[in-house]
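Single-letter residue listing:
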Number of protein chains: 2
Amino acid sequence: MKIGIDLGGTTVGIGVVDENYRIVTAIERKTAGCRTPEELQKIVIDGTRNLIEENQLSKEQITFIGMGCPGEIDTEKGIAVGADNLPIENIPFAKLLSEAFDAPAKLDNDANCAAWGEYMAGVSKGCKNVVTVTLGTGIGGGIIVGGKLLHGKENHAGEIGHMVIDIHGKRCGCGRIGCWETVASTRALTQEVEHQAQYAPNSRLGKLIAANGGRANGKTLFTAMSEEDNMARSIFNDWIRSLEVGMWNVINIFRPDMIVISGGISKEGDNLLIPLRAAVGKCSTSIRAGRLGGQAGLIGAAALDEMNI
Amino acid sequence: MKIGIDLGGTTVGIGVVDENYRIVTAIERKTAGCRTPEELQKIVIDGTRNLIEENQLSKEQITFIGMGCPGEIDTEKGIAVGADNLPIENIPFAKLLSEAFDAPAKLDNDANCAAWGEYMAGVSKGCKNVVTVTLGTGIGGGIIVGGKLLHGKENHAGEIGHMVIDIHGKRCGCGRIGCWETVASTRALTQEVEHQAQYAPNSRLGKLIAANGGRANGKTLFTAMSEEDNMARSIFNDWIRSLEVGMWNVINIFRPDMIVISGGISKEGDNLLIPLRAAVGKCSTSIRAGRLGGQAGLIGAAALDEMNI
């Protein structure tokens, strides 16, 4: 049995994963509101101990502990260096876990773990080269080349959301202009939906947003489209075009076997994939949605021992 | 001894390369004007035979023959599939060379061979991840990840010149809009120089171009800049900014140890590198010019046997 840990800004998921990469059992602990590195590492270690004790796992049964963590990671030393939404300051998680539970432990970036999970046990299993594109507040990337995660210098590879596609476009949070995520993230999409809906309060989209306190979310647009709202369809089509441009950049650079779309919006399945594939056109790279959903990160973390960096 | 062959649209270079990746001796044969695949393969095979005979090499002395070729390549089968500037139609070069000279033979893309040459024997030796950016009529890429060339599906990886950076920009020859090479190739630079010089015939740049029959070339701009022509400096600065945007995209995606600049303009050395590095700013990826110049492709071809695909 292996243990996978998926640390996020709201919760941490900790699970027991079997040799077929199935989650046997898992628990969740709250991380939102956590103030100090000491508090955060206590949540992780105590949670892991609870899980082990509840399931009466012996030391011998635990062969590996893998952990995915947001922000900057030193994979070689197994240290979480820092993150935006959590009080992380050089926490040596790999060492802490290894010492507490007497098993080898590894740490990697959460986006990498999700990509690795889909590669080891999900939709991209058996591929050689895969790029996982995570659509959310930003656009994250997990790049697998020749069966290995591409970490790059100081683990900074995979920042595909900060690939500039519009040098005359919008300012990005990173300081550059026209990064892919300024137009193709789901946040960019919902912002555009909220912006345009202001001018059409009587449209189906406008009413849905008004009913939701003036805010759009992932579902709003798809609901309005399913009710044949033209504005919603037009916003979606523009967004698909922005997404397609970056997709083709990834294809031209890597020509991977597969691009895996992950993030909450990937649950839309064919509503997203069919228009996106039509925009991309004929191509030897297949475009698929992740199969493991929110479990990809935990499963990928538990499988980190099977990667030779 | 190994033999390296670097096939181009004007000439083919064929050389004997020693165990230290030094070219012991080399010959050149004309390929411009060559009309049929049969004629082209005869030039390559006869040239290689001439080189072997002139140097009195025995069969036992030749341990490997590697060849770099423009256009589309089937590396697994060793077949040159097709190219724009040469009469190539599925020529099985690896098989032809292997049978004619009784040695193992391999074939790869010319840009990949140049990247591999610099990696095995040039400026990027000892790196783990390297992206070679070849600036010329277009922008080509040779990507090395974990010590291996990234070929991608159907050998289509590395098309970094067709990464869109300006979705509202110029139409590219590939059909897309705003590809990096539409603004940052040396052709884009000389076209801009010629265009702007029309409106300033009495500038230093205008006179240099008039003296050259109305055409700019790689040297014109640098000569005008060295003579403190402001228009030349302004065109160059704009070009450097376009180059920098794509460089940062490559850095954000791969965070390689090094980006190697190759192509004719890389001979400008610090005139190019210092402004480019200043534009890129602080970064853990170093930016260097290739060290092997025009020999990189031939040396890389001869070293293709040392790559495990």
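Model, not experiment: these values are computed from the prediction.

Our focus in this paragraph is the interface of chain A and chain B. Accessible area lost when the parts come together is the quantity often used to give the size of an interface. On the chain B side, the residues contacting the 32 residues of chain A number 32 residues. Both faces considered, chain A and chain B share a buried interface measuring about 2,900 Å² in area, 56% of it formed by carbon and sulfur atoms. Counting across the interface, chain A meets chain B through 2 salt bridges. Between Arg176(B) and Glu244(A) there is a salt bridge, with the nearest N and O atoms lying 3.2 Å from each other. Linking chain A to chain B there are 20 residue pairs in polar contact (both at pLDDT 80 or more). Counting residues per element, the ones that place at least two in the side of chain A that touches chain B are strand S10 (139-145) and helix H8 (230-254) of chain A. Considering each element in turn, the side of chain A that touches chain B owes the most residues, 7 residues, to H8(A).

Our focus in this paragraph is the nonpolar core. Where a protein is soluble and globular, its nonpolar side chains tend to be buried together. Membership of the largest hydrophobic core comes to 100 residues, with the highest contact counts inside it found for Trp180(A), Phe254(A), Trp180(B), Trp239(B) and Phe254(B). In contact with Phe254(B), not counting residues within four places along its chain, are Leu150(A), Gly152(A), Ala157(A), Ile253(A), Phe254(A), Val131(B), Ile143(B) and Val145(B). Core analysis: the next-biggest nonpolar cluster, separate from the first, contains 31 residues, Ile3(B), Ile62(B), Ala80(B) and Ile88(B) among them.

A separate point is the environment of Asn155(B). Residue and element names in this part refer to chain B. Its place among the elements puts Asn-155 in the loop between strand S10 (148-149) and helix H4 (180-184). Residues within four places of Asn-155 in sequence aside, it is in contact with Ile-73, Asp-74 and Thr-75. Within the structure, Asn-155 has its side chain in polar contact with the backbone oxygen of Ile-73 (distance 2.9 Å).

Glancing now at the side chain of Thr186(A). Residues and elements named next belong to chain A. Along the chain, Thr-186 falls in helix H5 (residues 186-197). Since its relative accessible area comes to 17%, Thr-186 is described here as buried. Within polar-contact distance, the side chain of Thr-186 engages the backbone oxygen of Gly-136 at 3.0 Å. If we ignore the near neighbours within four places in the chain, the residues touching Thr-186 are Leu-135, Gly-136, Thr-137, Trp-239 and Ile-265.

Another aspect to go through is the relation of the copies chain A and chain B. Note: a rotation about an axis with an accompanying shift along it relates these two copies of the chain. Expressed as a screw operation, the relation of chain A to chain B combines 0.0 Å of axial shift with a rotation of 180°, fitting to an RMSD of 0.0 Å. What the superposition gives is, in effect, a two-fold axis relating one chain to the other.

A word on the packing of aromatic side chains. A ring pair, where both rings are aromatic, is described by two values, the distance of the centres and the angle of the planes. On inspection of all chains with the given rule, the structure shows 7 aromatic pairs over all chains. Among the aromatic side chains, those forming a connected cluster through ring pairs are Phe222(A), Phe236(A) and Trp239(A).

On to the sheet that holds strand S1 (residues 2-7) of chain A, then. Residues and elements named next belong to chain A. Across the sheet, which stays open at both edges, the 5 strands sit in the order S3-S2-S1-S4-S8 with mixed pairing between neighbours. Of all strands in the sheet, those bounded by a partner on one side alone are strand S3 (23-30) and strand S8 (105-109). Going from strand to strand, the sheet's axes swing by 15° on average, the running direction of each strand aside. Bridging between strand S2 (residues 11-17) and S3 involves 7 bridges; their strand directions are antiparallel.

Scoring rules and cut-offs
- Residues numbered from 1 in each chain as written.
- Chains lettered and ligands numbered in written order.
- Predicted model: local features only at pLDDT ≥ 70, side-chain atom pairs only at ≥ 80, totals over all residues.
- Heavy atoms only, no water.
- Contact = heavy atoms within 4.5 Å.
- Buried area = accessible area lost by both parts, 1.4 Å probe.
- Salt bridge = Lys/Arg side-chain N within 4 Å of Asp/Glu carboxyl O.
- Polar contact = N/O pair within 3.5 Å; in protein donor to acceptor, adjacent residues only side chain to side chain.
- Helix = DSSP H or I, 4+ residues; strand = E, 2+ residues; numbered from the N terminus.
- Core = buried A, V, L, I, M, F, W, Y, C linked by side-chain atoms within 4.5 Å.
- Buried < 20%, exposed > 50% of the residue type's maximum accessible area, 1.4 Å probe, protein only.
- Least-squares fit on C-alpha atoms with pLDDT ≥ 70 in both.
- Phe/Tyr/Trp six-rings, centres within 6.5 Å; stacked < 30°, edge-to-face > 60°.
- Pairing = 2+ DSSP bridges.
- Axes fitted to C-alpha atoms, helices over the stretch in contact; angles between N-to-C directions.

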